[in-house]
Structures are given as structure tokens and as C-alpha cells.
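Structure at a glance
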Amino acid sequence: SALFFWRLMTPAFLALPKPVALVVAVAISLLAGLKAGDTFDAARILGLLPFFVLGLTLSERQWGWARARRAVPFALIGIVVVLVATRFTDHWIATEWYYYRSRYDALEPNDLKAVAIRAVLLCLGLIGAVSCFAIVPRGRSWFSTLGAATLVVYLFHGFFVLTAQYEGFPDWADRHVVWS
């Protein structure tokens, strides 16, 4: 549903100057946690909106700095930062924050602190995304061809997982550890 609604919002964001569009998307994301619920997955749609708008507004040339070889060491540091932050998430905040599906009041009673947590998570997500973008090879290989087909797996894996759950696979897997 996120892609559907983001595509509906695209003309509005393209009509704005690029820096304004990004600021508006971040503001919507930070404020959405106050009221957005799970109707049509609105909390996730609005919470992750800045990443869509960033991709929508930045040109290939503007992303070029992340593709440079000199960016790779910084990207490795970025990956380490993200790994450390996510490793200790449960000591700092609830893991539920990463799903962007709950309102702030369900996660943190202080709205100002909740907005700050969301802002930090957006920055952390940006660091992780840019780091991965910088590290991923640009050449074509058998592996990149395989990767191009993963969207289908991502989109349809839920049907297989839920079918397995309904058919009792978790119970079977618990009793047949080696086979599972």
C-alpha cells in the first residue's frame, strides 16, 4: 500500500522545490507518529515517506558522491554504526520503533522524546541506506541478475509463510528440528 499512496503523492512533491519537498516529508513523518494509525498502514506510509521523497528528488548526479570509491570506507563505518545501534536497540528503545507501524503514544509517553527518537531513526536509516548504496557493486554479474528477481520473492513470501503457519508448520518444525 505504501508504494500506491506514495505514487499518489508524487505530483504534489514534484510541484514543490526539492529542499522544501524533503523538509515537508520529514515533517510529515515526524508528526505522523502522533496520529497515524494502522488504517491502510498509514503509520508506515507516512513514517517512511522521507526516503521515498529523497529518492524522488535527488538526481543520479546528486547520488554520485555515494558511488565514488572514496565513499566505501565511510560506508563501512556507517554499516558499523547501524549494526551497533541496532544491536543495542532493546537497551535504548523498543524494537517496535523500527517497524514504523505504531503511534508514538504506544511506544513513548513523552511526545517530544518520541519525535526525537523518530528523527534519530530517520538519520540512522539514511546512514544505512547510503552506506549500502555505496558498498553495492555496480557491475553486472550472475549475482546482480539474481538480485533483480528478488522483488517477486519479497512481494509473495507472505502467502507462503502464512500458509505454512495455518497448516501447522511451526509445530511440525519444532518436533522435527533436523528436517526443518
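For the structure itself, consult the block above.
Computed from a predicted model, the values in this text were never measured in an experiment. (Residues numbered from 1 in each chain as written. Predicted model: local features only at pLDDT ≥ 70, side-chain atom pairs only at ≥ 80, totals over all residues. Heavy atoms only, no water.)

Details of the packing of helix α1 (residues 2-15) against helix α4 (residues 49-57)
For the pair α1 and α4, the least separation of the axes is 11 Å and the interaxial angle reads 55°. In this view, α1 runs oblique relative to α4, as classed from their interaxial angle. Every pair of crossing elements has a handedness; the one defined by α1 and α4 is right-handed. Contacts between α1 and α4 involve W6, R7, M9, T10, F13 and L14 from the former and L49, F52, V53 and L56 from the latter. Across the contact of α1 with α4, the residue classes break down as eight nonpolar, one polar and one charged. (Axes fitted to C-alpha atoms, helices over the stretch in contact; angles between N-to-C directions. Helix = DSSP H or I, 4+ residues; strand = E, 2+ residues; numbered from the N terminus. Parallel < 35°, antiparallel > 145°, perpendicular 65-115°, else oblique. Left-handed = near helix turned anticlockwise from the far one by under 90°. Contact = heavy atoms within 4.5 Å. Nonpolar A, V, L, I, M, F, W, Y, C, P; charged D, E, K, R; others polar.)

Quick look at the pattern of salt bridges
All told, the structure shown has five salt bridges when counted by the stated rule. A salt bridge links R67 to E60; its shortest N-O distance comes to 3.4 Å. According to the relative accessible area criterion, R67 is partly exposed, its value standing at 34%. On the basis of relative accessibility, which here comes to 56%, the residue E60 falls in the exposed class. Note that E96 and R101 form a salt bridge whose closest N and O atoms lie 2.6 Å from each other. (Salt bridge = Lys/Arg side-chain N within 4 Å of Asp/Glu carboxyl O. Buried < 20%, exposed > 50% of the residue type's maximum accessible area, 1.4 Å probe, protein only.)

Some points on the packing of helix α2 (residues 18-35) against α4
Helices that pack against each other are described as a pair by the angle of their axes relative to one another and the distance between those axes. It is the contact of α2 with α4, at a shortest axis distance of 8 Å, that shows an interaxial angle of 170°. The angle between α2 and α4 falls in the class roughly antiparallel. Facing α2, whose interface residues are K18, A21, L22, A25, V26, I28 and S29, α4 presents L49, P50, V53, L54 and T57. Taken together, the residues that form the contact of α2 with α4 break down as nine nonpolar, two polar and one charged.

Observations concerning helix α9 (residues 111-135)
Its 25 residues place the ends of α9 36 Å apart at the C-alpha level, agreeing with the 36 Å of an ideal helix rising 1.5 Å per residue. Listed in full, the buried residues belonging to α9 are A114, I117, R118, L121, L122, L124, G128, V130, S131 and A134. Of the surrounding elements, those touching the buried residues of α9 are α2, α3 (42-47), α4, α5 (60-67), α6 (72-87) and α8 (104-107). Regarding α9, its N-cap is N110, as a side-chain oxygen of that residue lies 3.0 Å from the backbone nitrogen of L112 further along. (Expected span 1.5 Å × (residues − 1). Polar contact = N/O pair within 3.5 Å; in protein donor to acceptor, adjacent residues only side chain to side chain.)

A few points about the nonpolar core
With 12 residues, the main nonpolar core is built from L30, V82, A85, I93, W97, Y100, Y104, A114, I117, L121, L122 and L124. No other element matches α9, which puts five residues into this core. Contact partners of A114, with chain neighbours within four places excluded, come to W97, Y104 and E108. In terms of nonpolar packing, the next biggest core, distinct from the first, is built from nine residues, A2, A25, I45 and L49 among them. (Core = buried A, V, L, I, M, F, W, Y, C linked by side-chain atoms within 4.5 Å.)

Comments concerning unusual backbone geometry
One non-glycine residue, D41, adopts positive backbone phi at about 65°. Here D41 lies in the loop between α2 and α3. D41 sits in the partly exposed class, given a relative accessible area of 22%. Notably, Y100 is not glycine yet its phi reads approximately 55°, a positive angle. The exposure class of Y100 is buried, given its relative accessible area of 6%.

Thoughts on the side chain of S102
Considering the arrangement of structural elements, one finds S102 in the loop between α7 (89-92) and α8. Looking at S102, its side chain comes within polar contact range of the side chain of E96, at 2.9 Å. Contacts of S102, omitting those with residues within four sequence positions, involve A43, E96 and L107.

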